[in-house]
Amino acid sequence: MKKLGIFCAALLALGFASCDDKSDLGVAQVNPQETVMSANGVTVEYGSALVADQLNLDTFDGGEIPVINLVSAQDLPEGAAVSFEMQLASKADYSDAVTLPVENGAVQKQAWDDFFRATLGRSPKAKDNYVRFAAYISYDGQYSRVGTADTWFAAKKMLVTPVRMDFVIEENYYLIGTINNWALNEAYPFKHTDADVYDDPNFTITVDITEEQAADGWWWKVAPASATASGQWDNVIGTVVNGDEALEGTIKQGKKDDEAQAGCIKEAGTYLMTINMEDMTYSFKKMEYLYTPGNSNNWSQAASQPLYYNADKKVYMGYAHLSGEFKFSSQADWNGTNYGSTGEDGTLSTDGGAGNLNAAQDGLYWLEVDTENLTYKAVLVTSLGAIGDMNSWGAQEALSPSADFLVWTGDITFTAADNAFKFRANDNWDINLGGSFSNLVWNGDNMVAPGVGTYTVTLDLRSIPYTCSAVAK
């Protein structure tokens, strides 16, 4: 009998699995068994990093994390050796597990941190990880699993802190400058999605700059919440060059006069300002709006949903909740151009005495308005959902609307951390949103999933910019 056959027969007699190539550990165990430290003659103990129930990856200066030690292995043929693989997951059922190779009882710190970031997001906060080990007997280049496919050693839950990033993002940022006469305690807050600020580092605010302000120069800086709370200017954020008039560029953080300088806008208008606190960049995008006052908002422009101007299509577009009569307005009051009905569907009149337009059904509408040619279209949204790699770009996965049809929510399962996806209305690509979680636009780029697993996804259409968030379940 060949020596491999003799070895396999001996292992089977001891209760080991059949001889085969080393496994990828692709089978997830639905009901994890209790921790096994000794089985089939193999006894293990935790490596020094896993002895406690908490692990800070940042405390390991080297590239290796000691996770498991072999205490003893009985009745093995001469020349046989024991090796391990570690399964690492964020869920107790190991349904999102990955396999990390174990060398000399250790796994690579970078591999563990990569899993944490891809699966649990980029937040520096500690989160639960689950580990367990498969043991193998190797002999003459062949491997055999100790026990069965369900035999796992040293399974446990760990509270893991990822490697510290080289930047800090605070939860809230505020605009200061001409808008509030440089008063730190009267700052204007930036908007942010419900996502962790490390997963989505973009913050936005809409500002109106008058002709008078533009003539004098509309000056700005950004204050983190720590600055507004302390009243100190040491960590305010501004441009590199004082008086920089560029609509996009780099920002830096530092003392009021020594490092962070003030930017200056000299053209009137409504702007969407975005800051990215990871890349340390800013941008001002000049916006043009139409408002949608009507029955659904008590004829209030301020309470209506604005439509934004798409320069490529040369139309105003966006979502609005409509119920019966409404109009389009060029200003957030009745002092601008107001667009009413000509009596023919799809056409507009600028006559101040023109009748109201009409939405036959209470609901959410996608609107496109051409103010040059005085035409419009209104499409009732009967469904809205997510579509992407997670469903093979097939039928969209439905979201459910709020009572006013402006916030849509649903549970979406992403199958991989790099799943691309978008939002689509009426199972049709004519109305789709993409871009970024903090700035969704019509026909924007694909977005990337927040991680592997099921997330409660919320799409917010109440104002510009449209945003979405994803919270792991």
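Residues numbered from 1 in each chain as written. Predicted model: local features only at pLDDT ≥ 70, side-chain atom pairs only at ≥ 80, totals over all residues. Heavy atoms only, no water.

1. A short note on the overall build of the chain
Scanning the chain for helices and strands turns up 4 helices and 39 strands. The C-alpha atoms of the chain give 30 Å as radius of gyration, which overshoots the globular expectation for 473 residues (23 Å, by more than 25%). Along the three orthogonal principal directions, the C-alpha set of the chain runs to about 100 × 55 × 30 Å. Buried positions account for 48% of the 473 residues belonging to the chain. Summed over its atoms, the accessible surface of the chain is roughly 21,800 Å², and 46% of this surface lies on carbon and sulfur atoms. A distance of 3 Å separates the average location of the 30 positive side-chain charges in the chain from that of its 62 negative side-chain charges. (Helix = DSSP H or I, 4+ residues; strand = E, 2+ residues; numbered from the N terminus. Rg over C-alpha atoms; globule rule 2.2 N^0.38 Å. Buried < 20%, exposed > 50% of the residue type's maximum accessible area, 1.4 Å probe, protein only. Areas by Shrake-Rupley, 256 points an atom, 1.4 Å probe, with all protein chains shown as cover. Lys, Arg positive; Asp, Glu negative; His and termini not counted. Charge placed at Lys NZ, Arg CZ, Asp CG, Glu CD.)

2. Some words on the nonpolar core
Counting 37 residues, the largest nonpolar core has Tyr 319, Leu 384, Phe 423, Leu 459 and Leu 461 as the members making the most contacts within it. Within the second largest apolar cluster, 35 residues are counted, among which are Leu 57, Phe 84, Tyr 139 and Met 158. (Core = buried A, V, L, I, M, F, W, Y, C linked by side-chain atoms within 4.5 Å.)

3. Regarding the sheet that holds strand β3 (residues 42–46)
If you walk across this open sheet you meet the 3 strands as β2-β3-β6, and the pairing is antiparallel. At either end of the open sheet lies a strand with only one pairing partner, and these are β2 (38–39) and β6 (68–73). Here 5 bridges tie β3 to β6, and the two strands are oriented antiparallel to one another. When the bridges of β6 are listed, Tyr 46 appears paired with Ile 68. (Pairing = 2+ DSSP bridges.)

4. A look at helix α2 (residues 109–120)
With 12 residues, α2 should cover 16 Å at 1.5 Å per step; its first-to-last C-alpha distance of 16 Å lies within 8% of that length. All of the buried residues along α2 are Lys 109, Trp 112, Asp 113, Phe 115, Phe 116, Arg 117, Thr 119 and Leu 120. Within two residues after α2, Gly 121 carries a phi angle of roughly 95°, on the positive side. (Expected span 1.5 Å × (residues − 1).)

5. Some words on the sheet that holds strand β25 (residues 328–329)
Spatial ordering of the open sheet is given by β25-β26-β27, a layout of 3 strands whose pairing is antiparallel. Two strands in the sheet have a free side with no partner beyond their single neighbour: β25 and β27 (348–349).

6. Some words on the packing of aromatic side chains
Scanning all chains against the criterion turns up 21 aromatic pairs. A ring pair is formed by Phe 421 and Phe 423, whose centres lie 5.8 Å apart and whose planes are at 85°; its orientation type is edge-to-face. Phe 423 shares its class with Phe 421; the two are buried. Three or more aromatic residues link up through ring pairs in this structure, and these residues are Trp 218, Trp 220, Tyr 271, Tyr 282 and Phe 284. If you follow Arg 132 out to its NZ or CZ, it ends over the ring of Tyr 94, 3.8 Å from the centre. One Lys or Arg, Lys 156, reaches over the ring of Tyr 46 and ends 4.5 Å from the middle of that ring. (Phe/Tyr/Trp six-rings, centres within 6.5 Å; stacked < 30°, edge-to-face > 60°. Lys NZ or Arg CZ within 6 Å of the ring centre and 35° of its normal.)

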